[in-house]
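# Observations on the three-dimensional arrangement
Here is what each chain is made of, one letter per residue.
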Amino acid sequence: MALTLTELANPTRFMGLVTRALPYLAGATVLLFAVGLILVAGAPEDYQQGMTVMIMYIHVPAAWLSMFTYGMMAASAIGTLVWRHPLADVSAKAAAPIGAAFAFLCLFTGSLWGKPMWGTWWEWDARLTSMLVLFIMYLGLIALWRTIEDPTRAARAAAVLILVGTVNLPIIKFSVDWWNTLHQPASVFRMDGPTIDPSMLWPLLVMALAFTALLVTLHWMAMRNEILRRRVRALGLMAAGGAR
Amino acid sequence: MNAYRSLFLRELRIAVRVGGGALMGVLFFLIVVTTIPFAVGPDLNLLSRLGPAVLWIGALLSTLLGLDRLFEADREDGALDLIVGSGRMLELVVIVKVLAHWTATGLPLVIAAPLFSLFLAMPPATIGTTVLTLLVGTPALTFLGAIGAALTVSLRRGGLLVPILILPFAIPVLIFGVAASTSVLLDPAGFFTPFLLLAAVSLMAGVVGPIAAAAALRGGLD
Amino acid sequence: MENLFGLGPHAGFIVVSYAAAALTVAALVVWILVDHRTQTRRLAELEARGVRRRSAAKAAAVAGQESGA
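Quick caveat: nothing in here was measured; it's all calculated off a predicted structure.

Reading the values: the criteria
Residues numbered from 1 in each chain as written. Chains lettered and ligands numbered in written order. Predicted model: local features only at pLDDT ≥ 70, side-chain atom pairs only at ≥ 80, totals over all residues. Heavy atoms only, no water. Helix = DSSP H or I, 4+ residues; strand = E, 2+ residues; numbered from the N terminus. Expected span 1.5 Å × (residues − 1). Bend = angle between axes of the 7 residues up to and from the residue. Contact = heavy atoms within 4.5 Å. Buried area = accessible area lost by both parts, 1.4 Å probe. Salt bridge = Lys/Arg side-chain N within 4 Å of Asp/Glu carboxyl O. Polar contact = N/O pair within 3.5 Å; in protein donor to acceptor, adjacent residues only side chain to side chain. Buried < 20%, exposed > 50% of the residue type's maximum accessible area, 1.4 Å probe, protein only. Axes fitted to C-alpha atoms, helices over the stretch in contact; angles between N-to-C directions. Parallel < 35°, antiparallel > 145°, perpendicular 65-115°, else oblique. Left-handed = near helix turned anticlockwise from the far one by under 90°. Nonpolar A, V, L, I, M, F, W, Y, C, P; charged D, E, K, R; others polar. Patch = residues over 30% accessible without salt bridge, like charges linked within 9 Å, V, L, I, M, F, W, Y side chains within 5 Å. Areas by Shrake-Rupley, 256 points an atom, 1.4 Å probe, with all protein chains shown as cover. Core = buried A, V, L, I, M, F, W, Y, C linked by side-chain atoms within 4.5 Å.

### Some words on helix α4 (residues 86–118) of chain A
Across its 33 residues, α4 of chain A extends 46 Å between first and last C-alpha, which sits within 8% of the 48 Å expected from 1.5 Å per residue. The sharpest bend along α4 of chain A comes to roughly 30°, located at Ala 96 of chain A, with the proline Pro 97 of chain A sitting one to four residues further on.

### What to know about the interface of chain B and chain A
Taken together, the contact between chain B and chain A spans 29 residues of the former and 26 residues of the latter. Buried surface at the junction of chain B and chain A, summed over both partners, amounts to about 2300 Å²; 81% is from carbon and sulfur atoms. Taken as a group, Leu 151, Phe 169 and Ile 175 of chain B account for 24% of the area that chain B buries against chain A, more than any other trio of residues on that side. Counting every contact that joins chain B to chain A gives zero salt bridges. There are zero residue pairs in polar contact (both at pLDDT 80 or more) connecting chain B and chain A. For the side of chain B that touches chain A, the elements supplying multiple residues, two or more each, are α7 (124–151), α8 (161–186) and α9 (192–221) of chain B.

### Looking at the environment of Leu 132 of chain B
Residue and element names in this part refer to chain B. With respect to the secondary-structure elements, Leu 132 resides in helix α7. A relative accessible area of 38% means that Leu 132 is categorised as partly exposed. As a C-alpha pair, Leu 132 and Ser 181 span 49 residues in sequence and 8.3 Å in three-dimensional space. Residues in contact with Leu 132, not counting those within four places in the same chain, are Phe 191 and Phe 195.

### Brief notes about the packing of helix α3 (residues 56–83) of chain A against α4 of chain A
Residue and element names in this part refer to chain A. Packing of α3 against α4 leaves a shortest axis separation of 8 Å and a crossing angle of 155°. Between α3 and α4, the interaxial angle falls into the category roughly antiparallel. Seen from above, α3 lies across α4 with left-handed handedness. Here the residues of the contact of α3 with α4 sort into 16 nonpolar, 10 polar and one charged.

### Quick notes on the side chain of Ser 181 of chain B
The topology assignment puts Ser 181 of chain B in helix α8. When near neighbours in sequence (up to four residues on either side) are disregarded, Ser 181 of chain B contacts Pro 52, Trp 56, Thr 126, Thr 129, Thr 130 and Thr 133 of chain B.

### Some words on a nonpolar patch on the surface
All names here are of chain A. Among the surface-exposed residues, Trp 64, Met 67, Leu 201, Trp 202 and Leu 205 lie close enough to one another that they form a single nonpolar patch of about 520 Å² accessible area. Elements with a minimum of two residues in the nonpolar patch: α3 and α7 (198–243). Broken down by element, the nonpolar patch gets its largest block of residues, three residues, from α7. Summarising the element assignment, Trp 64 is placed in helix α3. Exposure remark for Trp 64: the relative accessible area of 40% places this residue in the partly exposed category.

### Structural notes on the nonpolar core
Among the nonpolar cores identified, the biggest contains 148 residues, and Tyr 57, Met 73, Trp 145, Ile 162 and Phe 211 of chain A together with Phe 71 and Leu 151 of chain B are the most heavily contacted of them. For Tyr 57 of chain A, the contacting residues outside a window of four places in its chain are Val 40, Ala 43, Met 200, Pro 203, Leu 204, Met 207 and Phe 211 of chain A together with Tyr 18 of chain C.

### Quick notes on the pattern of salt bridges
All told, the structure shown has 11 salt bridges over all chains when counted by the stated rule. Of the charged contacts, one joins Lys 93 of chain A and Glu 226 of chain A as a salt bridge, the two residues approaching to 3.2 Å between their closest N and O atoms. Pair noted here: Lys 93 of chain A is in helix α4 and Glu 226 of chain A is in helix α7, with a separation of 133 residues, a long-range link. According to the relative accessible area criterion, Lys 93 of chain A is partly exposed, its value standing at 24%. Given a relative accessible area of 4%, Glu 226 of chain A falls into the buried group. Across the pair Arg 41 of chain C and Glu 45 of chain C runs a salt bridge, and its minimum N-O distance is 3.7 Å. With Arg 41 of chain C and Glu 45 of chain C both in helix α1 (residues 11–48) and four residues apart, the pair spans about one turn of that helix. Assessed through its relative accessible area of 45%, Glu 45 of chain C is described here as partly exposed.

### Things to note about α7 of chain B
Residues and elements named next belong to chain B. A rise of 1.5 Å per residue sets the reference length of α7, with its 28 residues, at 40 Å; its end C-alpha atoms lie 40 Å apart and thus fit the reference within 8%. Largest kink in α7: about 30°, centred on Leu 135, with the proline Pro 139 one to four residues after it. With 21 of its 28 residues buried, α7 lies for the most part within the structure.

### Comments concerning the packing of α7 of chain B against α8 of chain B
Residue and element names in this part refer to chain B. Contact geometry of α7 with α8 gives a least axis separation of 9 Å together with a crossing angle of 170°. The orientation of α7 relative to α8 falls into the category roughly antiparallel. In the crossing of α7 with α8, the sense of the turn from one axis to the other is right-handed. Taken together, the residues of the contact of α7 with α8 break down into 16 nonpolar, nine polar and no charged.

### Some points on the interface of chain A and chain C
If you look at the interface, chain A gives 39 residues, while chain C gives 35 residues. Interface area, chain A with chain C, both sides summed: about 3400 Å², of which 77% is carbon and sulfur. For the interface between chain A and chain C, the tally reads one salt bridge. Asp 35 of chain C is the salt-bridge partner of Arg 229 of chain A, the closest N and O atoms lying 3.0 Å from each other. At the junction of chain A with chain C, the criterion picks out three residue pairs in polar contact (both at pLDDT 80 or more). Of all the secondary-structure elements, those providing two or more residues to the side of chain A that touches chain C are α2 (11–42), α3, α4 and α7 of chain A. With 14 residues, α7 of chain A is the largest single contributor of residues to the side of chain A that touches chain C. The residue inventory of the side of chain A that touches chain C, partitioned by class, reads 26 nonpolar, seven polar and six charged.

In structure tokens, the structure reads:
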């Protein structure tokens, strides 16, 4: 049972591990969501925002997780470019749609939160704008993976783009912050207070944990699919070569 | 050094000759600048306020749309494989190619900008700052765009993908470029902060662009 | 939608937010499961036609208990 990192990096070993671990991971995810939602139901109203603060328990974890997923993809991209490990690209490619889904969820709930709080569906608030840019970058990456047919070529191209994004994201964030303060000085109602009460912090942390467990579960399942897809592709090529 | 100079001259000659498409960018720029008044209306006050933004968007779009020629033509006739296989530093090759491409397609945009700004009834001060920011900012767009062009070099139909991939990275250039161009109307001293930030973003793009584009080319060709 | 489930005046926004989250997650799960079934079926078809990976025999010997492989 003792799995070293090298063994884990073998696709077949990884598939075995996923098959064994998946029931526990899925169970933990469901359990964490159950506990999180019960805690959210018991959480107090915000004195300023009323019950709309409940949206925060989805919005904020989705935002965290979409950024965390990008970080994970950046680590995978280094694995692809430096060690040329096939599993690294499988990891990055499987993570992209999940990260895009979290970013979408963050934008969607942010918009729903903005309507009662700010009075508009969309505010060019620095955070929302940065999240929109992240969402577009996810979509661009997925488009790149879908356009280049050869997996190893697509892997390298995507890895380069992910790392360029990692370098540029802080610059984009800074420029958007700067642009936003230039256009509308401090009129924006801040979504988060400077401090958060423990009675709201605990439900938020449990929900964040639940979303993280969901990410790991879905990511491993998607990685398994990707490995299978590559085997199908390789076998299909072999079959075509044999028929010739 | 000689090799890089002859590469630069070769790129320029190819871009300027018939079918090179160097002037297409300026034409497209003109099209964007003339289309926008039809959409927003002929109100000169509004147009002069939007002027720098219109010029910047036009320059951004025509730069991004002209990028597919950067490596594509050389790949088709095999010249790119020879360049990569020549053992020269690929990053430097990319820098030379980008600079030649900018001279052929980006510089004409900068030169045409004061002419087009008359259509938009822009005041002289804004014309000056807009041209200056375009001069500093468009190389950044070309350097960033080189990444997209290199990533999609092996694709038959990568044309639309390049702007999608590169646009997020161009946001800071656009923000600081337009801010520096327009701020001069409110407060002449407000010009320098965004202008210096734009210059910083340009220098940064000049470093990140060639490194990433070279990595993408190595990955895409073997 | 006034004061649905005691959620205050903006109940609709809260309910839609949670519904959207549930839908997004459900869509991801369904997509991944359908994808898994498609890939497993294709792999089985190819193997039934007698195409085998070079490493498949070796891998089967090393990890015989891993039926997912």
